[in-house]
Amino acid sequence: MKKIRVLIAIMGLDQHEVGAIAVSRALMDAGIEVIYAGRFNLPGMIARTALQENVDLIAMSCGSWEYLYYVPELIELLKAQDLAVPVIIGGSIITAGDEKTMRQKGVAAVFGPSSTMEQIIEKINGLVNS
Amino acid sequence: MQERLSQSQIPLKQVYKPGDITGFDYEQDLNDPGSFPYTRGRHENLYPGGVWIQRELSGEGEPSRTNEQFKYLIEKGALGLDVIGDTPTLAGLDPDHPFAAKAIGTQGVSLCCFDDFRELYRDLPLESLSLSHSLSPQSVMSCLYLYAREQGFDPAKLRGSVIQAPFYNEDCGYAVHMPFKLRLRLSADSIEFATKVMPKFHAFVEDTYYISEAGLDSVEEMALGFIEMRYLVRELLRRGLPVDSFAPRIAILLNCRMDFFEEIAKVRATRRLFARMMRDEFGAKDRRSQAAVITCHTSGLTLTAQQPFNNIVRGAIEALAMVLAGVQAIEISAFDEAYRTPSPESHLVGLRSQQVIHMETNVTKVVDPLGGSYYIEALTDELERRIREMVEKIEAMGDPAKLSEDGWFKRNIFDHAMQRYAQQIREGKLLKVGVNIFPIPEEQDTLLKEVAERKMEPCFGRIEKIRRYKQGRVQERVKTALKALLEQAGVEGPNLMDPIIEATRSGATTGEIGGVLRLAYGLKYDPFGLIEPPFTF
């Protein structure tokens, strides 16, 4: 079976990397291929990488409120390029209210500080294989 | 049997007895407060001013909004101020940079030119206030200096501080996208400038807080701090500065996590290590050069997004530990830390927590109240030994500057620490109430959530404001000043504070000054390659 390819990135000037590194490691341990874009990305850069790397899913780590603007921008860019790649987000700063807004804007799944790695992996498998 | 370990994995006993501190010599190892090796504190009296500096970290939005925050805190009894920039400001990017827009003013205050600092400091009582800054030293010191001069206030009387973070900032969330040599030069230049022009200002704050928030333990935190401090001290000595000209104004801003006694012992061990290092290794004679100034910010990493009210308890416990350790200043991480910059409510809770400890508990009546406890002294000894050994081990590997440049600290310490911390929580080895024990369903977790979730928009208006500001300057003057900076930065030797002050006075912004410095060191003006220099030099 083909390995699932996930792009993990942090956007703008958000420099909180703990979560992104921990999730990357857990995904790799679960046999998922991770393209780790690290810090300092803008939506255009992520959309470009997603296309070039032919990824199955984009996972954004959110440690600052910049995501509230960048994630919808990214989803619009993907749509404009006809790139049907689901976008999921995770981070301790995502509030219940923002989760709702993000889902309305097209985010496929939202994970908070109490989500387990198993839940994240299961959801990724579900989203990619559906 | 379950292992009994401190948070830094130091084996602990069930009870401590005289046999645990055999060989202990009161005068050698402890001595009275205010006497070498200052283990029990810098002063004979706990606080010469009667109390530690009680402050809260602040800064959000426009400079004028932060100025209002300052006034609010002072009105509520704050005894000092500590301001942090937003992420573009800390990265040295102006608000009109493509990477800045969505982060302007949301995680700190947006500052990029002298006008901004004028707004920030407006009407503050410079004569009575200590102004601490978590910002780039060269921009703070040039603007504070210019502001004092403009107000007719003698810069030699300015009190306050600025952090120096040349070793680890690129790895730990304060990336300024400058090469190590340049970061070191800016640190040493600003410290040297302070010894001559702002001698009461602590221009040399070793900030171990932010590096340890990557998940480091107490031993790693202080070892890395000492490595950076020792390197900077050697650099200043190499420049011919007498040690006693700058050492009295070294301060350490450290972290306090939840392991109560370990954190107290860490402060005491740090004082002893610092005193012996300054006297025996660097030849400091002035007692103020030997007695460490220690300030503390309680750990944001120990706080949780779940059940944010628990964070109030954590902040109070951590602050109490630091009061018992006798530090010179404390700021409590706000209970809404996991969500946002501090709300007025969480600022008030932080200040009130300090005031309750100060005024209701009597813990400040006696200096170093835990001194002589078998446990505390044994733990202080053990921490001192482990910190010293780690410093020696790393310094023996080669030039620490090279290790920093090569990313050794990132690969071998920071990345590892992040994963270790996440794993400890995931596996329940480190208990976090409300996270991996005693969670409650999300719908019940409502107390204080409303405050925590109230957030502010980025200050998009600042983008246009700064564009207009840049257009309104006397361009020729700005260009001339930046060109002078470019030339001086291009050669080794000149202290860059003077040309930076001149550039700032001419109206140049932090982003432009940073860009020109990068050019002088052979890098691109913009670290992201998205914008061009405003002038051809």
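If you're wondering where the values come from, they're calculated on a predicted model, not measured in any experiment. Just so you know, the residues in each chain are numbered from 1, in the order the chain's sequence is written. Each chain is given a letter, starting from A, and each ligand a number, starting from 1, according to the order in which they appear as written. Per-residue local features are limited, in this predicted model, to residues with pLDDT of at least 70; the limit for side-chain atom pairs, both in listing and counting, is 80 or more; totals at the level of whole chains, interfaces and linings are taken over all residues.

Considerations on the overall build of chain B
Helix and strand assignments follow DSSP, with helices taken as H or I runs no shorter than four residues and strands as E runs no shorter than two, numbered in order from the N terminus. Looking only at helices and strands, chain B features 21 helices and 9 strands. Two things to know: the radius of gyration comes from C-alpha atoms, and the globule rule equals 2.2 Å times the number of residues to the power 0.38. In terms of overall dimensions, chain B is globule-like: its C-alpha atoms have a radius of gyration of 23 Å, near the 24 Å expected for 537 residues. Over its C-alpha atoms, taken along the principal directions, chain B stretches across nearly 75 × 60 × 45 Å. For chain B, the residues scored as buried account for 53% of the 537 residues in total. Residue burial is a threshold on neighbouring C-beta atoms within 10 Å of the residue's own C-beta, all placed from the backbone, with 20 or more meaning buried, 12 or fewer meaning exposed, and counts in between meaning partly exposed.

Things to note about the interface of chain A and chain B
Each partner contributes to the interface: chain A provides 22 residues, whereas chain B provides 24 residues. With 4 residues, the top contributor of residues to the side of chain A that touches chain B is helix 1 (residues 18-29) of chain A. Among the residues forming the side of chain A that touches chain B, the class breakdown is 11 nonpolar, 8 polar and 3 charged. By the criterion used throughout, residues are in contact when their C-beta atoms, derived from the backbone, lie within 7 Å. Nonpolar residues are Ala, Val, Leu, Ile, Met, Phe, Trp, Tyr, Cys and Pro. Charged residues are Asp, Glu, Lys and Arg, and all others, Gly as well, are polar.

What to know about the packing of helix 6 (residues 180-197) of chain B against helix 8 (residues 218-238) of chain B
All names here are of chain B. Convention adopted: a line fitted to C-alpha atoms gives each axis, helices being fitted over their contacting stretch, and angles between N-to-C directions are expressed from 0 to 180 degrees. Viewed as axis vectors pointing N to C, helix 6 and helix 8 meet at an angle of 65°, and their least axial separation amounts to 10 Å. Viewed along their axes, helix 6 and helix 8 form a crossing whose handedness is right-handed. Each of Leu184, Ser187, Ala188, Ile191 and Glu192 in helix 6 lies in contact with helix 8, whose residues at this interface are Leu232, Glu235 and Leu236. A class-by-class count of the residues in the contact of helix 6 with helix 8 yields 5 nonpolar, 1 polar and 2 charged. Handedness of a crossing is defined here by the sense of rotation of the near helix relative to the far one, left-handed for an anticlockwise turn of less than a right angle and right-handed for a clockwise turn.

What to know about the environment of Ser24 of chain A
Residue and element names in this part refer to chain A. Within the fold, Ser24 resides in helix 1. C-alpha separation for the pair Ser24 and Gly106, spaced 82 residues apart in sequence, amounts to 23 Å. Discounting residues that sit within four places of it in the chain, Ser24 has contacts with Ile8, Val34 and Tyr36.

With respect to the nonpolar core
By convention the nonpolar core is taken to be a set of buried residues drawn from Ala, Val, Leu, Ile, Met, Phe, Trp, Tyr and Cys and joined through C-beta atoms within 7 Å. With 187 residues, the main nonpolar core has Leu7, Ile58, Met60, Val71, Val87 and Ile89 of chain A as its most contacted residues. At 10 residues, the largest contribution of residues to this core is made by helix 8 of chain B. Bear in mind that the domain bounds are from an automatic or database domain assignment. Residue contributions to this core reach at least three from each of two domains, namely domain 1 (49-398) and domain 2 (473-520) of chain B. Not counting residues within four places of it along the chain, the set of residues in contact with Leu7 of chain A comprises Ile35, Ala37, Ile46, Thr49, Ala50, Glu53, Val55, Ile58 and Ala59 of chain A.

Section: the sheet that holds strand 8 (residues 293-298) of chain B
Residues and elements named next belong to chain B. Strand pairing is assigned whenever DSSP identifies at least 2 bridges connecting the two strands. Ordered in space as 1-9-8-7-6-5-4-3-2, the 9 strands form an open sheet in which the pairing is parallel. The sheet is open, and its two borders are formed by strand 1 (53-55) and strand 2 (57-58), each paired with just one other strand. Bridge count between strand 5 (residues 159-164) and strand 6 (residues 201-207): 4 bridges; the pairing is parallel. Note on strand 6: the bridge partner recorded for Gln164 is Glu206. Along the sheet face, helix 12 (residues 310-325) touches strand 7 (250-256), strand 8 and strand 9 (329-331) and points at about 170° away from the line of strand 8.

Structural notes on the domain arrangement of chain B
Residues and elements named next belong to chain B. The domain architecture assigned to chain B consists of domain 1 (49-398) and domain 2 (473-520). Inter-centroid distance (C-alpha atoms) of domain 1 to domain 2 is 27 Å. Between domain 1 and domain 2, the residue contacts involve 23 residues of the former and 14 residues of the latter. At the level of secondary structure, the elements contributing two or more residues to the side of domain 1 that touches domain 2 comprise helix 5 (137-150) and helix 6.

Let's talk about the sheet that holds strand 4 (residues 87-90) of chain A
All names here are of chain A. Strand order in the open sheet formed by 5 strands is 2-1-3-4-5, with parallel pairing between adjacent strands. In this open sheet, the two edge strands, each paired with only one partner strand, are strand 2 (33-41) and strand 5 (109-111). Taken over all neighbouring pairs, the strand axes of this sheet differ in orientation by 20° on average, direction set aside. Direction of pairing for strand 4 relative to strand 5: parallel, over a ladder of 3 bridges. For Ile89, the partnering residue across the bridge sits in strand 5 and is Val110. Each of strand 1 (5-11), strand 2, strand 3 (57-61) and strand 4 touches helix 1; the most contacted strand, strand 1, lies at about 175° to it. Lying on the sheet, helix 3 (residues 67-80) is in contact with strand 1, strand 3 and strand 4; it crosses strand 4 at an angle near 170°.

Describing helix 10 (residues 260-281) of chain B
One turn of an α-helix holds 3.6 residues; hence residues three or four places apart share an orientation. Residues and elements named next belong to chain B. Take the residue count of a helix, subtract one, and multiply by 1.5 Å to get its expected span. Between its terminal C-alpha atoms helix 10 stretches 31 Å, which fits the 32 Å expected from 22 residues at 1.5 Å a residue. Most of helix 10 is tucked away: 16 of the 22 residues are buried. Where helix 10 ends, the next residue or the one after it, Gly283, has phi of about 70°, a positive value.

Comments concerning the environment of Ala484 of chain B
Residues and elements named next belong to chain B. Tracing the backbone shows Ala484 in helix 19 (residues 475-489). A tally of 17 C-beta atoms within 10 Å means that Ala484 is categorised as partly exposed. For the pair Ala484 and Met397, spaced 87 residues apart in the sequence, the C-alpha separation amounts to 39 Å.

As for the pairing of strand 3 (residues 81-84) of chain B
Residues and elements named next belong to chain B. Here strand 3 shows two buried faces, one formed by Leu81 and Val83 and the other by Asp82 and Ile84. Relative to strand 3, strand 2 runs parallel, the two sharing 2 bridges. By the bridge assignment for strand 3, Ser58 is matched with Val83. Here strand 3 runs beside strand 4 (residues 130-134); their pairing, made up of 4 bridges, is parallel. Considered in strand 4, the bridge of Asp82 is made with Ser132.

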